[in-house]
Amino acid sequence: MDKYINNNKEFYWGDWYFKDHVMAPDFNYKAHKKELSPYFQQHGFKVSMMFDDYYSRINGVHSDKYLSMDVYYFFVIPALNRHDFITPYLDKNIYSELFPDVRQPKTVVKNMHGHFYCNGEEVSLDQAIDIVSDTGGELMIKPTVETCNGDGVEQILDFGKDSLRALFARYNFNFIVQEKARQHADVQRVNPTSLNTMRLYTYRNLKGEVVFLYPYSMLRYGGKGAVKDNTSMGGGTCLIDRDGRVDDRVFRFKSMEVSSLKKETGTEGLIIPNYQKVIATLQRMHKRLPYFDFVGWDVTIDPDGEPLFIEFNLVPAIEGPQIMSGPMFGEYLDEVVERATRVECSRVQTNKKVFDRDSHFYLHMQ
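Criteria and thresholds
- Residues numbered from 1 in each chain as written.
- Predicted model: local features only at pLDDT ≥ 70, side-chain atom pairs only at ≥ 80, totals over all residues.
- Heavy atoms only, no water.
- Salt bridge = Lys/Arg side-chain N within 4 Å of Asp/Glu carboxyl O.
- Helix = DSSP H or I, 4+ residues; strand = E, 2+ residues; numbered from the N terminus.
- Buried < 20%, exposed > 50% of the residue type's maximum accessible area, 1.4 Å probe, protein only.
- Core = buried A, V, L, I, M, F, W, Y, C linked by side-chain atoms within 4.5 Å.
- Contact = heavy atoms within 4.5 Å.
- Expected span 1.5 Å × (residues − 1).
- Polar contact = N/O pair within 3.5 Å; in protein donor to acceptor, adjacent residues only side chain to side chain.
- Phe/Tyr/Trp six-rings, centres within 6.5 Å; stacked < 30°, edge-to-face > 60°.
- Lys NZ or Arg CZ within 6 Å of the ring centre and 35° of its normal.
- Pairing = 2+ DSSP bridges.
- Axes fitted to C-alpha atoms, helices over the stretch in contact; angles between N-to-C directions.
- Arc of directions from axis to C-beta.

J.: Looking at this structure, how should I read the pattern of salt bridges?
T.: Where side chains of opposite charge bring their charged atoms close, a pairing between them can arise. For the coordinates displayed, the defined rule picks out 24 salt bridges. Across the pair Arg103 and Asp304 runs a salt bridge, and its minimum N-O distance is 3.4 Å. Separated by 201 residues along the polypeptide, Arg103 in the loop between α6 (95-98) and β1 (107-112) and Asp304 in the loop between β13 (294-301) and β14 (307-313) bring together distant segments of the chain. Judged by relative accessible area, which is 39%, Arg103 ranks as partly exposed. Among the residues examined, Asp304 registers a relative accessible area of 61% and is labelled exposed. Here Asp126 makes a salt bridge to Arg165, at a shortest N to O gap of 2.8 Å.

J.: I'm lost on unusual backbone geometry in this one. Help?
T.: With the exception of glycine, the majority of residues adopt a negative phi angle, and the majority of peptide bonds are in the trans configuration. Following Tyr214, the chain continues to Pro215 via a peptide bond in cis, the omega torsion being 15°. Within the fold, Pro215 resides in the loop between β8 (210-212) and β9 (218-221). Phi at Asn172 takes a positive value of approximately 65°, unusual for a residue other than glycine. Topologically, Asn172 is positioned in the loop between α8 (161-171) and β6 (175-179).

J.: Could you clarify how one ought to interpret the nonpolar core in this entry?
T.: Within soluble globular proteins, side chains that are nonpolar tend to cluster in buried spots. Ranked by size, the top nonpolar core spans 48 residues in total, and within it Leu67, Leu213, Phe294 and Phe329 carry the most contacts. The set of elements that each furnish at least two residues to this core consists of α1 (8-21), α2 (38-42), α3 (50-59), α4 (69-80), β7 (197-204), α12 (319-325) and α13 (333-340). Examining the composition of this core, we find that ten residues originate from one element, α4, more than from any other. Leu67 has contacts with Phe40, Tyr72, Val76, Ile318, Gln322, Met328, Phe329 and Leu333, leaving out every residue within four places of it along the chain.

J.: Explain α1 to me, please; I cannot follow it from the model alone.
T.: One turn of the α-helix equals 3.6 residues, which is why residues spaced by three or four share an orientation. Here α1 spans 20 Å end to end across 14 residues, near enough to the 20 Å set by a 1.5 Å rise per residue. When α1 is considered as a whole, its buried residues turn out to be Glu10, Phe11, Trp13, Gly14, Asp15, Tyr17 and Phe18. Between a side-chain oxygen at the N-terminus of α1 and the backbone nitrogen of Lys9 the separation is 3.0 Å; the capping residue is Asn7.

J.: Hey, could you run me through the packing of aromatic side chains in this one?
T.: Here the distance between the centres and the angle between the planes together describe a pair of aromatic rings. Within this structure, the stated rule accounts for 36 aromatic pairs. Plain terms: the ring middles of Tyr95 and Phe312 are 5.1 Å apart, the flat faces sit at 40° to each other, and that makes the pair tilted. With Tyr95 in helix α6 and Phe312 in strand β14, the pair connects residues that are 217 residues apart, well separated along the chain. Given a relative accessible area of 3%, Tyr95 falls into the buried group. The interplanar angle of 75° and the centroid separation of 5.9 Å between the aromatic rings of Phe116 and Phe175 together place this pair among those described as edge-to-face. Of this pair, Phe116 sits in strand β2 (residues 115-118) while Phe175 sits in strand β6, placing them 59 residues apart in sequence. Accessibility assignment for this pair places Phe116 and Phe175 in one class, buried. Feature note: the residues Trp13, Trp16, Tyr17, Tyr72, Tyr73, Phe74, Tyr201, Tyr203, Phe294, Phe329 and Tyr332 constitute an aromatic cluster, connected by ring pairs. The ring of Phe11 has Lys46 lying over it, and the distance from NZ or CZ to the ring centre is 4.5 Å.

J.: Could you clarify how one ought to interpret the sheet that holds strand β5 (residues 154-156) in this entry?
T.: The strands making up a sheet associate through backbone hydrogen bonding, with each pair oriented either parallel or antiparallel. In spatial order, the strands read β3-β2-β1-β6-β4-β5; together these six strands make up an open sheet with antiparallel pairing. The open sheet has two edge strands, β3 (121-123) and β5, and neither has a second partner. Sheet twist, expressed as the mean angle between neighbouring strand axes with direction ignored, is 30°. Bridging between strand β4 (residues 139-143) and β6 involves five bridges; their strand directions are antiparallel. Bridge pairing links Met140 to Gln178 in β6. Most of the contacts of helix α7 (residues 125-135) go to β1, to which it runs at about 155°, and overall it touches β1, β2, β3, β4, β5 and β6.

J.: Looking at this structure, I do not really get α7. What am I missing?
T.: All of the buried residues along α7 are Ala128, Ile129, Val132 and Ser133. Projected down its long axis, α7 carries its buried residues within an arc of 130°, all on one side. Positive phi appears at Gly136, one or two residues downstream of α7, with a value of about 55°.

J.: Honestly, the environment of Asn6 in this entry has me stumped. Any pointers?
T.: Residue placement: Asn6 occurs in the segment before α1. Overall, Asn6 belongs to the buried group, its relative accessible area being 1%. In sequence terms Asn6 and Glu344 are 338 residues apart; their C-alpha atoms lie 8.9 Å from each other. Apart from the residues lying within four places of it in its own chain, the contact partners of Asn6 are Phe11, Gly44, Phe45, Lys46, Asp70, Val71 and Phe75. Only 2.8 Å separates the side chain of Asn6 from the backbone oxygen of Lys46, close enough to count as a polar contact.

What follows is the structure, encoded as structure tokens:
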């Protein structure tokens, strides 16, 4: 095939992103770079077998169905999720409005576009400072838009009004103050200092069913003494099976080595409490997001054993799941790739896409 849906600029961007964000520095990516995936070729996409070479060396799963970064970010995501709606939905300040019946860390004060709110009512800056100062205890502050990997999250240590005024000025617009999230003792024992969260994925298929994607669920924990649960802080990621059992294998980005949870943390035989309720809760939540068919969820378990929602991602990374489990989307990949063929990329390295007339809705009507 001489002409592909993804052009050469997109193809090379996907390779660059993979090498910069995922690949171990000592991996010889050139060995299979020029070999192309037969699976994606039949669908009109140009995808290097370099991805199979890398992922399979870690997880042992050989396949020509590994999604490349450009096909995923430039074609799959725009086919599944409305890009023009993503930004407002990612404001963490609206979570309590979207999911008022789902457990979340308790909010003390919100700042939305420079306006402060408490219990749904707008308050002044001075009132917001008084509320936080009077609440005290273990409170966290974090930005609510354009953030990932726990960027900007910190604990409030000084409740003096001048200190809080300076803190709010530093965060400027769009942030939230919440009580520190508590987690179940079983989840906490992996690492007592970090909020250890699960990342799970749900997908709305063309029948309109919201399905839980297996086997891509994972438990993430931080390194010794860390507060954040990401691997950049020395932590790791483990798979979770259908019954909530946490696998002993520990995976990390930028590394082809797989270690042991028991050896690293002393944890073994860990089963996530109430795991089936977690899955059911996320499926129910996804149904309230009609414009998005693929969602990555971050959730933990509170001390009472109930699911505690942290945040969702509408452009969730799939590099981790593919490292740990094999090609993303599993039995739904054919359907997803078919949907992706209907998306025209208008510019390289941008989220803006051009759809055929009513194509997104037509797919749902079939």
